[in-house]
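# Structural overview for review
In case you want the letters, here they are:
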Amino acid sequence: MVETREELIRQREALDKQLAELDKDKVRFSVDAGIIDRLGRELMAKQETAVSELVKNAYDADANEVILQFVNTDAVGGTLIIEDDGHGMDLEALRKGFMRLSSTDKVHNPVSPKYGRKRAGRKGIGRFATQRLGSRLTIITQTEESETALKVIIEWDDYQIDRDINLVANLVEEIPKQNMQGTTLIIDNLRENWTTAEIQRVFRYVSDLLQPSYLSDRLKKSEVVFASQEDNSFSVNCQRKINEEVETISDIDKSFFEKALAVFEGFVDMSGEGFCSVTSKSLGIDSLNNLISISAGKSRDKVELYNLIKDVHFKAYYFIYNRPDYYEGQGIGISSIELKRVNDFAQTSSGVRLYRNGFRVPPFGDVGDDWLDIDERVSMQSHARRIPMTNKNLFGFVEITDEKGHLFEETSSREGLIKNEAFGELVDFLIKAFDACRARVESSIGFTEKKKKREKRQKAKRDQIEQLKGIKDFIDSTEDGQSNTTDGEEKGERFSREEAKAALEELEIVLDEQMDEIAMLRVLAGMGLSIGEFVHEIRQFSPAFEGDLLTMLAAYAANDEMKQGLTRLSRNFEQFQSYAAYFDETIRNNAKRELRPIEIRDVVRGFEDIIRRNALKNNIKIESNFIGYDLYTCPMHASEWSSILFNFYSNSKKAIIKADVSGKILIVGSEDEDKIVLEFSDNGIGIPPENSERVFDAFFTTSTPAGRGVSQNEELLGSGLGLKIISDIIESYGGEIFVSKPPEGYKTCIRIELPEATEEQIEKEQYV
Amino acid sequence: MSNRFLYIDDAAPDIRNATASGLSSSGFLIVTAEEPLAWDTRTSRILGNIAQIEGVILDWRLTEETNRTGVGVGGTVVKYSAEALAQHLRFLATEGEIKDIPIVLCSANQGFKEYYRRDSTGHNLFDEVFEKNDFAEHHEIVVRQLNCLAEAYKILQTEQELSLESIFANPTNIEIDVRLAGNISTFLGNMVPHELIGFLQKEIIKKPGILINEDILAARLGIDKDASDEWNTLLETVINPNLKYEGLLSDGWTRWWADGLIQWWKRDIHPTHPQLRAAKQRVKLIKEKTGVQGLVPAEKLKFCAESEFWTVCVATKKPLATSEGLRVQVTNEQPWQDEQYVSLFAILERINHDSYKLNPIEKERLANLKRMLKA
């Protein structure tokens with residue numbers, strides 16, 4: 001007997017009712033048709049996300065090509081056709097796959113059958129993106145084996161709330177095959193209009209959907225094929241059709257990446273250890289043997305491993321837009337026009353993007369999305385002007401793999417990842433790595449600028465005073481109303497207009513650099529003053545602490561436990577005091593402002609006394625040794641030696657902790673002809689030869705960046721200014737500082753040579 | 001013998017009270033802390049309470065808080081120095097208006113002692129100076145010295161029959177240098193306790209000559225006291241009964257009679273002067289004669305050839321033969337005082353180089369010694 005469709009539905013409802021009455025002790029979920037709107041329009045906020053979901057589906061279906069056609073989309077109500085040549089669907093697949101909410105096919109078969117592609121979709125709701133885009137969806141699909149194609153039309157507006165989703169039926173038609181195989185989605189009645197710019201944006205977005213091939217070569221080694229732009233078997237094309245006129249939208253050429261000022265790369269290896277490096281031909285930075293360690297912890301001294309994230313890679317192309325001169329070096333150079341073009345492109349396409357299992361995870365790295373706080377942090381940095389690093393300066397790509405999807409979970413909206421602990425580690429690693437890379441670039445630019453300046457100055461063979469004089473003369477001469485044509489006789493003395501201009505420009509550079517340095521020194525000086533005040537204040541408390549300790553010791557003489565605790569407190573306090581005393585002494589010496597010949601025994605021993613306990617705590621043995629007597633340097637500030645020795649010590653300590661060895665430090669004082677020599681050696685990790693010159697440059701540091709949310713003070717302490725200041729001190733006395741050959745059993749040796757004091761200076765020191 | 005001291009400090013009440021409490025903790029001293037107050041209030045307060053105190057401890061910089069904040073901790077502006085207050089109390093004592101009491105100076109400021117040594121204006125005002133660290137680090141000694149000072153002031157103001165002998169309590173065999181005796185009798189003729197005590201401190205106790213300290217005593221015996229297990233045995237059973245100083249201030253500062261040592265040696269150990277013998281021989285003789293065996297002869301310092309020790313190097317406190325020491329500058333040297341020396345080793349190694357100045361007459365000798373070393 002033939003029953004009508006309506007009759008059958010009625011019978012099913014009756015059966016459902018009977019069933020429900022049979023098991024009264026159970027309840028079941030049912031689904032309202034309104035869920036479609038939830039999953040489509042409400043879940044996917046952006047057009048481009050919706051389109052990219054559909055492109056991902058094509059990729060998962062082993063397609064070689066996807067064509068996006070925007071037909072008459074210049075007004076609302078246009079049509080978008082997405083046509084792929086993937087494996088298509090038969091009726092069974094259509095029913096159990098496409099038409100089943102949250103279908104589990106991709107979970108059961110995470111790898112595509114033909115190309116072994118790692119499938120992007122997992123949640124089985126990507127198709128509702130079409131609902132986001134337009135109100136009607138037509139699906140035409142055919143498999144290679146099928147004789148005919150299947151056609152389904154879905155009117156999304158039928159899925160109204162208060163209707164059971166089961167009750168909305170969609171008609172399946174068999175039609176002649178349109179293609180050999182594949183699926184075509186026709187989305188009619190587009191909800192928005194699409195301008196050329198918008199289509200371009202979506203297309204760019206879709207082309208960026210796949211991880212760039214220049215990220216890492218690791219993917220190729222995997223048995224599973226991860227999505228990649230290098231994968232020639234998959235391409236996306238885009239057309240715009242208005243009144244039968246077809247226009248092809250093309251992607252932007254990204255070959256300009258090769259002209260970047262620097263390339264940052266980094267990874268967290270399988271053990272959880274983080275590294276990054278900088279390569280720059282322009283700045284002469286070679287990434288080989290130049291890995292910077294990134295520690296998961298907060299401590300600058302110890303490298304800690306990341307617990308959760310393994311096998312993370314990133315690569316970023318770094319541009320500074322207003323300084324074509326930085327690119328000169330040994331690089332290929334870049335013209336101002338090219339740089340301008342990159343800058344324009346950066347307005348819409350810069351940032352650091354995140355790719356998970358080969359697919360882009362929006363919105364990370366979209367313009368305006370500062371997920372690594374790059375823009376926010378830059379405002380804290382005093383060197384932002386010379387070495388700008390905002391999202392606009394970066395074209396970055398971060399790759400994470402997470403085959404099972406356990407670590408980094410996409411949110412259902414396809415926008416963002418769930419901000420779990422692993423995500424926190426990822427952000428931490430990237431922030432630190434970018435900081436470290438920026439610092440490395442900074443020190444190199446300082447270095448090359450200095451070198452350039454030196455060369456320039458040597459070429460000009462006149463100092464700044466002379467330049468100023470020349471400029472003044474030039475002004476005087478023009479004030480006199482004389483024209484300054486290159487009159488033979490005058491030319492030797494007076495600047496021409498061009499020369500004056502050049503001299504002014506040169507002075508401007510010098511001034512600029514000095515301003516930066518002064519700004520930093522001002523911060524440091526301010527810190528110094530506060531520390532001075534602080535230390536002095538602290539000292540006033542000592543007798544009070546000690547007084548109360550004595551009182552308590554007397555009161556608890558019979559209580560062993562209390563006595564033990566108080567004795568320990570007293571010992572610790574003693575150590576605390578010796579620190580305070582040392583700094584107080586240093587500041588007191590500083591206040592004198594009097595230069596005195598310094599016997600290096602005095603400063604080294606004073607320093608040893610203070611630091612011994614700290615060294616012991618860190619398992620570091622300090623030894624000193626002096627060869628010869630009357631090792632007096634030229635008159636200096638005693639406090640300068642505190643800076644020198646403290647700096648050396650903290651560097652050594654870091655190096656020793658990193659090397660994870662039983663530490664030893666050797667300080668040797670001696671004389672060499674008319675020089676007083678101090679050699680400071682340690683058995684830490686050592687300085688690779690290529691860095692031995694650079695450690696004395698401003699902002700060069702091998703310290704792990706402190707991480708996000710640190711105070712400016714902390715940034716300052718690891719700023720890499722320490723050795724630079726030390727070398728400025730030494731050089732100001734006509735001395736030298738350099739990395740020297742360490743003695744047997746040591747890894748690093750920094751050597752200072754200073755002029756020795758004269759006989760008269762020594763005599764005055766000893767008798768008066 | 002719990003003497004009461006008034007402690008005046010411009011630090012916050014919690015700080016000065018804690019310091020005072022620490023000083024009082026052993027129960028041998030009662031210290032009360034007060035803020036400096038304005039001059040008039042302060043002086044009249046001391047005058048009014050003078051019967052209740054046996055001494056005053058002054059903080060070196062009473063004006064520090066005022067200078068920094070414009071007003072003292074207690075709300076009063078302090079404009080006078082510790083020196084001015086001490087001077088005023090000394091003046092009133094000299095005039096006989098108040099009883100004379102010990103006044104000591106202290107400070108938490110680093111390098112305070114060094115600074116104080118260089119600036120001699122206050123030297124006659126204070127009986128002793130302490131770094132506040134000493135209060136805890138050398139608690140027992142500080143308390144002993146403060147009590148000792150208080151007792152000495154009392155004796156000088158209550159004892160009717162003061163004489164050279166009652167001051168020094170010297171054994172009959174020890175004669176006091178006539179020039180020193182002359183000085184002392186002047187003080188006794190017009191007794192101002194703080195003047196006599198200041199003189200004893202500066203010219204007898206703190207400088208070797210008539211009395212010597214433990215370091216020099218050990219050097220003259222040729223003994224390395226730190227390495228000798230029975231050094232204390234020797235002191236208690238043999239040395240102290242014969243030559244320990246028992247006179248005024250001896251409770252706070254332990255000293256021995258220099259002449260007593262030579263006499264005891266000649267009588268009990270060997271008739272020849274000890275200085276003529278090397279340290280090893282001296283120790284051998286002492287062991288033989290006293291039966292105290294746990295004694296180790298002192299070693300020579302680097303660059304030294306002689307072990308006929310008679311003094312110590314001022315920088316290392318290690319035994320030194322006078323012939324090998326280089327003289328250091330001593331202010332206001334009196335004829336009964338010994339020269340003081342520093343070793344070449346200490347000079348070259350810069351040990352405690354801040355604690356002495358080399359006497360310029362040694363300049364040439366030092367230059368020669370250095371030349372010889374280089375050759």
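All of these numbers come straight from a predicted model, not from anything done at the bench. (Residues numbered from 1 in each chain as written. Chains lettered and ligands numbered in written order. Predicted model: local features only at pLDDT ≥ 70, side-chain atom pairs only at ≥ 80, totals over all residues. Heavy atoms only, no water.)

## As for the overall build of chain B
Scanning chain B from terminus to terminus reveals 16 helices and eleven strands. By residue count, 53% of the 375 residues in chain B fall in the buried class. Across chain B, contacts joining residues at least 24 apart in sequence account for 66% of those joining residues at least 6 apart. On chain B, roughly 16,700 Å² of surface is accessible, and the fraction owed to carbon and sulfur atoms is 49%. (Helix = DSSP H or I, 4+ residues; strand = E, 2+ residues; numbered from the N terminus. Buried < 20%, exposed > 50% of the residue type's maximum accessible area, 1.4 Å probe, protein only. Contact = heavy atoms within 4.5 Å. Areas by Shrake-Rupley, 256 points an atom, 1.4 Å probe, with all protein chains shown as cover.)

## Regarding a negative patch on the surface
On the surface, Glu671, Glu673, Asp674, Glu756, Glu759 and Glu760 of chain A cluster together into a negatively charged patch. Locating glutamate 756 of chain A in the fold gives a position in the loop between strand 20 (748–755) and helix 20 (759–767). (Patch = residues over 30% accessible without salt bridge, like charges linked within 9 Å, V, L, I, M, F, W, Y side chains within 5 Å. Salt bridge = Lys/Arg side-chain N within 4 Å of Asp/Glu carboxyl O. Lys, Arg positive; Asp, Glu negative; His and termini not counted. Charge placed at Lys NZ, Arg CZ, Asp CG, Glu CD.)

## Description of the packing of aromatic side chains
Residues and elements named next belong to chain A. In this structure the tally under the stated criterion is 33 aromatic pairs over all chains. Residues phenylalanine 345 and phenylalanine 395 carry aromatic rings whose centres are separated by 5.9 Å and whose planes lie at 15 degrees to one another, so their mutual orientation is stacked. Residue phenylalanine 345 is found in helix 9 (residues 336–349), and its partner phenylalanine 395 is found in strand 15 (residues 394–400); the two are separated by 50 residues along the sequence. This pair shows no difference in class: phenylalanine 345 is buried, exactly as phenylalanine 395 is. When the centroid spacing of 5.7 Å and the interplanar angle of 25 degrees are considered together, the rings of phenylalanine 573 and phenylalanine 576 count as stacked. Pair noted here: phenylalanine 573 and phenylalanine 576 are both in helix 15 (residues 560–592), with a separation of three residues, about one helical turn. (Phe/Tyr/Trp six-rings, centres within 6.5 Å; stacked < 30°, edge-to-face > 60°.)

## Some thoughts on the packing of helix 11 (residues 214–221) of chain B against helix 13 (residues 258–269) of chain B
Residues and elements named next belong to chain B. Between helix 11 and helix 13, whose axes approach to 11 Å, the crossing angle comes to 25 degrees. In terms of orientation, helix 11 lies roughly parallel with respect to helix 13. When you trace helix 11 past helix 13, the crossing you get is right-handed. Here Leu217, Arg220 and Leu221 of helix 11 come into contact with helix 13, specifically with Ala258, Leu261 and Trp264. Residue composition of the contact of helix 11 with helix 13, by class: five nonpolar, no polar and one charged. (Axes fitted to C-alpha atoms, helices over the stretch in contact; angles between N-to-C directions. Parallel < 35°, antiparallel > 145°, perpendicular 65-115°, else oblique. Left-handed = near helix turned anticlockwise from the far one by under 90°. Nonpolar A, V, L, I, M, F, W, Y, C, P; charged D, E, K, R; others polar.)

## Some details on the interface of chain A and chain B
Taken together, the contacts link 32 residues of chain A with 34 residues of chain B. Taken together, the two surfaces of chain A and chain B that pack against each other cover about 3,000 Å², and 45% of this comes from carbon and sulfur. Counting the contacts that link chain A with chain B gives five salt bridges. A salt bridge links aspartate 602 of chain A to arginine 350 of chain B; its shortest N-O distance comes to 2.4 Å. Our enumeration of links across chain A and chain B arrives at eleven residue pairs in polar contact (both at pLDDT 80 or more). For the side of chain A that touches chain B, the secondary structure elements donating two or more residues are helix 14 (497–555), helix 15, helix 16 (600–617) and helix 20 of chain A. Looking at the side of chain A that touches chain B element by element, the count peaks at 15 residues for helix 14 of chain A. (Buried area = accessible area lost by both parts, 1.4 Å probe. Polar contact = N/O pair within 3.5 Å; in protein donor to acceptor, adjacent residues only side chain to side chain.)

## A look at the sheet that holds strand 13 (residues 351–356) of chain A
Here we have seven strands laid out as an open sheet, ordered 11-10-9-12-15-13-14 (chain A), and mixed in their pairing. Strand pairing shows two members of the sheet lacking a second neighbour, strand 11 (292–294) and strand 14 (359–360) of chain A, which therefore form its edges. (Pairing = 2+ DSSP bridges.)

## Remarks on the sheet that holds strand 18 (residues 675–682) of chain A
Think of a sheet as strands paired side by side through backbone hydrogen bonds, with each pair either parallel or antiparallel. Residue and element names in this part refer to chain A. Strand order across the open sheet formed by five strands is 16-17-18-20-19, with mixed pairing between neighbours. Only two strands of the sheet have a single partner each, and these edge strands are strand 16 (620–626) and strand 19 (736–740). This sheet shows a mean twist of 15 degrees between the axes of neighbouring strands, independent of strand direction. Pairing geometry for strand 17 (residues 663–672) and strand 18, over eight bridges, is antiparallel. The residue bridging serine 670 from the neighbouring strand is valine 677, located in strand 18. Seen against the sheet, helix 17 (residues 638–659) touches strand 16, strand 17, strand 18, strand 19 and strand 20 and runs at an angle of roughly 25 degrees to strand 18.

## Here's the deal with the environment of leucine 468 of chain A
Residue and element names in this part refer to chain A. Topologically, leucine 468 is positioned in helix 12 (residues 464–479). By relative accessible area, which is 46% here, leucine 468 ends up partly exposed. Here the alpha-carbon distance between leucine 468 and alanine 500, two residues 32 residues apart in the chain, equals 8.8 Å.

## Some words on the packing of helix 3 (residues 47–60) of chain A against helix 7 (residues 196–207) of chain A
Residue and element names in this part refer to chain A. Their axes nearest at 9 Å, the elements helix 3 and helix 7 cross at an angle of 45 degrees. Judged on the interaxial angle alone, helix 7 and helix 3 are oblique. Seen from above, helix 3 lies across helix 7 with right-handed handedness. Facing helix 3, whose interface residues are Gln47, Glu48, Thr49, Val51, Ser52 and Val55, helix 7 presents Glu198, Arg201, Val202, Tyr205 and Val206.

## Things to note about a nonpolar patch on the surface
All names here are of chain A. A cluster of nonpolar side chains, namely Met552, Tyr556 and Met562, defines an oily patch on the protein surface of about 230 Å² accessible area. For methionine 552, the location among the structural elements is in helix 14. For methionine 552, a relative accessible area of 33% corresponds to the partly exposed category.

## Remarks on the pairing of strand 3 (residues 134–142) of chain A
Residue and element names in this part refer to chain A. Taking burial as the measure, the nine residues of strand 3 include eight buried ones, the bulk of the element. In terms of strand pairing, strand 3 meets strand 6 (residues 182–190) through eight bridges, oriented antiparallel. Residue pairing in the sheet places isoleucine 139 in a bridge with leucine 185 of strand 6. In the sheet, strand 3 pairs with strand 4 (residues 148–155) via six bridges, with the strands oriented antiparallel. Looking at strand 4, one finds that threonine 141 is bridged to leucine 150. Hairpin geometry of strand 3 and strand 4 is characterised by an intervening segment of five residues between the two adjacent antiparallel strands.

## A closer look at the nonpolar core
All names here are of chain A. Counting 61 residues, the largest nonpolar core has Phe264, Phe319 and Trp371 as its most contacted members. Those elements that provide at least two residues to this core are strand 9 (262–268), strand 10 (274–279), strand 11, strand 12 (312–318), helix 9, strand 13, strand 15 and helix 11 (421–460). Element by element, the count of residues in this core is highest for helix 11, at 13 residues. If sequence neighbours within four positions are ignored, phenylalanine 319 has contacts with Phe256, Phe257, Lys259, Ala260, Tyr327, Ile334, Leu339, Val342, Asn393 and Phe395. If you look at the next biggest cluster of nonpolar residues, it comprises 47 residues, including Ala33, Ala129, Leu190 and Phe359. (Core = buried A, V, L, I, M, F, W, Y, C linked by side-chain atoms within 4.5 Å.)

## Let's talk about the pattern of salt bridges
With the rule as written, the count across this model stands at 42 salt bridges over all chains. Here aspartate 672 of chain A ties to arginine 751 of chain A by a salt bridge, and the two come within 3.3 Å at their closest N and O atoms. Taken together, the residues span a long stretch of sequence, with aspartate 672 of chain A in strand 17 and arginine 751 of chain A in strand 20 at a distance of 79 residues. Within this structure, Glu599, Arg601 and Arg605 of chain A together with Glu349 of chain B form a network of salt bridges that share partners.

## Examining the confidence of the model for chain B
The predicted model of chain B averages 91 in pLDDT, with 98% of residues at 70 or higher. Across the interface, the model reports ipTM at 0.78; the global pTM reads 0.58. (pLDDT = per-residue confidence, 0-100.)

## Some remarks on the side chain of asparagine 683 of chain A
Residue and element names in this part refer to chain A. Considering the arrangement of structural elements, one finds asparagine 683 in the loop between strand 18 and helix 18 (712–717). Using a relative accessible area of 11% as the deciding quantity, one classes asparagine 683 as buried. A polar contact of 3.1 Å, which involves the side chain of asparagine 683, links it to the backbone oxygen of serine 662. At 2.8 Å, the side chain of asparagine 683 and the backbone nitrogen of lysine 664 are in polar contact. Residues within four places of asparagine 683 in sequence aside, it is in contact with Ile656, Ala659, Val661, Ser662, Gly663, Lys664, Gly745, Tyr746 and Lys747.

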